Amino acid sequence: MDKLVTRIDHPLVQHKLTLMRQKETSTAKFRQLLEEISLLLAYEVTRELPMAMVPIETPFAATTSPMLAGKKLVLISIMRAGQGILDGMLKLIPSARVGHIGLYRDPRMLMPVEYYFRVPDDVSERDMLIVDPMMATGNTAIAAVHRLKETRPQSIKFVCLLAAPEGIKAFHEEHPDVPVFTAAIDDKLDEHGYILPGLGDAGDRMFGTQ
Ligand code: URA
């Protein structure tokens, strides 16, 4: 079993995350930083993808060289904030298939409600990366993974930018088989389920809504 939580502490990730946290960072800059960080998260989270040696010819010689093996990846964006990570990851893994799950958080109960679900037909032959910038209470991530497990992917990893300790604990109580990759684990949740110190509402900061 993989490590349950991997904190991606690469200096470039941490530097860019600090810029994203700052309240004066503009919407355009926030989006750009999220895309840049997502490339780096994708790099780390795909570190152990299976490889196969394939015969090739360079302009000078025949040789064998490593390539990704198998059906590869499906990326699942939890709408709407997952879109920012998805866009960045697709720059690095352009041939990945993509699915979307739409869950909004009921502001009173802080519980997720599904409003959209669409994934590729061949998910069961692929390794799945689920992306959402914020794992706060963990309720959305828990519900998304329950739903996505119904599609029987080969494996599942959950990738976020920031997590709260409460969210990670709740998530792994429900899904001890799904490793989480995050750039940072913050202090705690506030009474509205926002991460402190956090970066605010990721969707609002990405899209310029309030
Ligand atoms: N979603 C966000 O966008 N921010 C938080 O702090 C928590 C959930």
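Residues numbered from 1 in each chain as written. Predicted model: local features only at pLDDT ≥ 70, side-chain atom pairs only at ≥ 80, totals over all residues. Heavy atoms only, no water.

1. Some thoughts on the packing of helix H1 (residues 11–21) against helix H2 (residues 27–45)
Heads up, the condition is: Each axis is a line fitted through C-alpha atoms, and for a helix only the stretch in contact is used; angles between axes span 0 to 180 degrees, taken between their N-to-C directions. Numbering of helices and strands starts at the N terminus; helices are DSSP runs of H or I of at least 4 residues and strands are runs of E of at least 2. Small angles under 35 degrees read as roughly parallel and large ones over 145 as roughly antiparallel, with 65 to 115 read as roughly perpendicular and the rest as oblique. Here a crossing is called left-handed whenever its near helix is offset anticlockwise from the far helix by less than a right angle, and right-handed whenever the offset is clockwise. Here a residue-residue contact requires only that any non-hydrogen atoms of the pair lie within 4.5 Å.
Running from N to C, H1 and H2 point in directions that differ by 160 degrees, and their axes come no closer than 10 Å. The orientation of H1 relative to H2 falls into the category roughly antiparallel. For the pair H1 and H2, the crossing hand works out as left-handed. The residues of H2 that touch H1, namely those facing Leu12, Val13, Lys16, Leu17, Leu19 and Met20, are Phe30, Leu33, Leu34, Glu36, Ile37 and Leu40.

2. As for the pattern of salt bridges
Put simply, the rule reads: Salt-bridge detection follows one rule: a side-chain nitrogen of Lys or Arg within 4 Å of a carboxyl oxygen of Asp or Glu. Burial classes follow relative accessibility: with a 1.4 Å probe on protein chains only, a residue under 20% of its type's maximum area counts as buried, one over 50% as exposed, and anything between as partly exposed.
Overall, the coordinates contain ten salt bridges when judged by the stated rule. Here Lys169 makes a salt bridge to Glu173, at a shortest N to O gap of 3.0 Å. With Lys169 and Glu173 both in helix H5 (residues 165–174), this residue pair falls four residues apart, about one helical turn. The residues Lys169 and Glu173 share a single accessibility class, namely exposed. When salt bridges that share partners are traced, they join Glu114, Arg147 and Glu150 into one network.

3. Describing H1
Worth spelling out the cut-off: Each C-beta atom gives one direction from the helix axis, and the arc is the one those directions make.
Buried within H1 we find Val13, Lys16, Leu17 and Met20. What you see down the axis of H1 is that its buried residues fit within an arc of 105 degrees, all on one side. For H1, exposure combined with an orientation more than 90 degrees from the buried face picks out Pro11 and His15. Residues of H1 that are buried sit in contact with H2, strand S9 (155–163), strand S10 (180–185) and helix H6 (202–207).

4. Quick look at the site of the ligand
Stated precisely, the cut-off is as follows: For this description, a residue counts as near a given molecule or strand if any of its non-hydrogen atoms is within 4 Å of it. Counted as a polar contact is a pair of N or O atoms within 3.5 Å, where, for protein atoms, one must be capable of donating a hydrogen and the other of accepting one, and residues adjacent in sequence contribute only when both atoms are in side chains. Each accessible area is a Shrake-Rupley estimate made with a 1.4 Å probe; only the visible protein chains count as cover when residues are assessed.
Every residue lining the ligand is accounted for by Arg105, Met134, Ala136, Gly193, Tyr194, Ile195, Gly200, Asp201 and Ala202. Ala202 is positioned with one of its backbone polar atoms (N or O) 2.7 Å from an oxygen atom of the ligand. Burial of the ligand by the protein amounts to 88% of the accessible area it has alone, namely 240 Å².

5. Quick notes on the nonpolar core
Operational definition: Residues grouped as a nonpolar core are buried Ala, Val, Leu, Ile, Met, Phe, Trp, Tyr and Cys residues, joined through side-chain atoms within 4.5 Å.
By size, the foremost hydrophobic cluster in this structure holds 36 residues, and its most contacted members are Leu17, Met20, Met89, Leu161 and Leu199. Of all the secondary structure elements, the ones that give two or more residues to this core are H1, H2, strand S4 (73–79), helix H3 (82–92), strand S7 (127–131), S9, S10 and H6. For this core, the element with the most residues is H2, which contributes seven residues. Setting aside its immediate chain neighbours within four residues, Leu161 contacts Leu17, Met20, Leu34, Ile37, Leu41, Asp132, Pro133, Thr182, Ala183, Ala184 and Leu199. Counting 23 residues, the second-largest nonpolar core is a separate cluster that includes Ile130, Met135, Ala144 and Ile156.

6. Regarding a nonpolar patch on the surface
Just so we agree on the cut-off: Only residues whose relative accessible area exceeds 30% and that form no salt bridge are eligible for patches; like-charged ones are grouped when within 9 Å, while nonpolar side chains (Val, Leu, Ile, Met, Phe, Trp, Tyr) are grouped when within 5 Å.
On the surface, Tyr104, Val113, Tyr115 and Tyr116 cluster together into a nonpolar patch covering about 380 Å² of accessible area. At three residues, the largest contribution of residues to the nonpolar patch is made by strand S6 (residues 112–118). Locating Val113 in the fold gives a position in strand S6.

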